[in-house]
Amino acid sequence: SLSAGLDLPGRFLFATLTLMTLIAILVFIEEALYIYRKIPSSKRSIIIWINAAAPVISTTSCIGMWIPRSTMFTDFTAGIFFSIVIHKFLMMMIKECGGQKMLLRRFENGRFTISTGPCCCCCPCLPRVPITRQTLFWLKLGTFQFAVFRPVLVFLSIVLWTNGNYVLYNLSPKGPALWISCFIGALTLFALWAVGIMFRKVRILLKCKNIIPKFALYQFIVILNHLQTTIINILATQKIIPCAPPLSSTARGSYIAQQLLIMEMFLITVISRVVYRRKYHDLEPPECAAEEPGDKKQTP
């Protein structure tokens, strides 16, 4: 068994990380009960979904740490869950503005700045897009497509894997892993771009709702769960992370990524509890709200 092959420091590390995962789950359950009691029903499920991201990733990483053969399934599960959370975060920003109709009233003559990361941050010459029902639809579609297509691509990957055609670390052009990974990467960038466009517009209005720390926590989860794990896996496949028998380089890289994620998601779970637990006042009606610079009504 795995525990039999561990020395004393290894067993202590595994026990500590498992305990951190259990604490993160308990903190989330307590927070979910608080949200269920105190938050209006229109926002309740969205905020619980967003708060669940860190403990779910921590749990899947812990399972992958104890059962190495399940790594592919645990990574896919965490990826599917977080693709839904990205859409939920965009919807939360719209809800915090009072809903779609209220948002359109608040920014009646406003414009979205689309020259933002991660897709177009180097293109400041792009035009600003009017805030209309149609542009809001495209932003919501940008995150919704990721929540739909990511599970479909994951299902396709598992089907190919069971048939022996999909090898997770085989990134040759002839294999499906490279093309599926590139397609998922493109969908991810479009989803993150939609969230970034919306956040850039509402961050001043929702400053009283602590939207900046909430967005920072969401960004940390994106970076740690995707970028950090990808970098570690690349280092492992290139043998930069050396093997340590009985673990190969890729297995050792997977262990390092999972252990880091457990610690990081534990911290994010605790910080999220502080950020989302505060009581916020509702925004003033659009007629009383201060207009943003550059968004004042213009004569036709």
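Conventions used here
- Residues numbered from 1 in each chain as written.
- Predicted model: local features only at pLDDT ≥ 70, side-chain atom pairs only at ≥ 80, totals over all residues.
- Heavy atoms only, no water.
- Helix = DSSP H or I, 4+ residues; strand = E, 2+ residues; numbered from the N terminus.
- Buried < 20%, exposed > 50% of the residue type's maximum accessible area, 1.4 Å probe, protein only.
- Contact = heavy atoms within 4.5 Å.
- Areas by Shrake-Rupley, 256 points an atom, 1.4 Å probe, with all protein chains shown as cover.
- Salt bridge = Lys/Arg side-chain N within 4 Å of Asp/Glu carboxyl O.
- UniProt positions renumbered as here; feature names shortened; annotations may be inferred.
- Polar contact = N/O pair within 3.5 Å; in protein donor to acceptor, adjacent residues only side chain to side chain.
- Phe/Tyr/Trp six-rings, centres within 6.5 Å; stacked < 30°, edge-to-face > 60°.
- pLDDT = per-residue confidence, 0-100.

### Description of the overall build of the chain
Within the chain, the secondary structure is distributed over 8 helices and 2 strands. Secondary structure elements of the chain, listed N to C terminal, follow the sequence α-α-α-α-β-β-α-α-α-α. Taking all 300 residues of the chain together, the buried fraction comes to 46%. Taking the intrachain contacts of the chain between residues at least 6 apart in sequence as the baseline, contacts between residues at least 24 apart amount to 76%. Surface accessibility of the chain: about 16,200 Å² in total, with carbon and sulfur atoms responsible for 69%.

### Observations regarding the pattern of salt bridges
Scanning the model with the defined rule gives 4 salt bridges in all. The closest approach of N and O atoms between Glu30 and Arg273, which form a salt bridge, is 3.1 Å. Here Glu30, found in helix H1 (residues 8–38), pairs with Arg273, found in helix H8 (residues 249–277); they are 243 residues apart in sequence, far enough to count as distant. Residue Arg273 is classed as partly exposed on the basis of its relative accessible area of 30%. When the shortest N-O distance is used, the salt bridge between Lys214 and Glu96 registers 3.8 Å. Separated by 118 residues along the polypeptide, Lys214 in helix H7 (residues 211–237) and Glu96 in helix H3 (residues 71–96) bring together distant segments of the chain. When salt bridges that share partners are traced, they join Lys43, Glu96, Lys209 and Lys214 into one network.

### Thoughts on the UniProt feature "transmembrane region" (unreviewed entry) in the chain
Within the UniProt annotation, "transmembrane region" (unreviewed entry) is assigned to residues 12–34, 46–67, 73–94, 137–161, 176–195, 215–236 and 256–276. Helix makes up 100% of residues 256–276 and strand 0%, whereas the separation of the span's terminal C-alpha atoms amounts to 30 Å.

### Structural notes on the side chain of Thr21
Within the secondary structure, Thr21 is located in helix H1. In this structure the side chain of Thr21 is engaged in a polar contact, spanning 3.0 Å, whose partner is the backbone oxygen of Leu17. Looking at Thr21, its side chain comes within polar contact range of the side chain of Ser58, at 3.4 Å.

### Brief notes about the packing of aromatic side chains
The full count for this structure, using the stated rule, is 11 aromatic pairs. Between Phe82 and Tyr218, the aromatic rings sit 6.3 Å apart at their centres with planes inclined by 25°, giving stacked as the arrangement. Here Phe82 is found in helix H3, whereas its partner Tyr218 is found in helix H7, with 136 residues between them in sequence. Owing to a relative accessible area of 1%, Phe82 belongs among the buried residues under this scheme.

### A short note on the confidence of the model for the chain
Taken over all residues, the pLDDT of the chain has a mean of 81, while the share at 70 or more is 84%. Contacts of residues 288–300 to residues separated by more than four positions or lying in other chains number 15 contacts, the stretch itself having pLDDT below 50.

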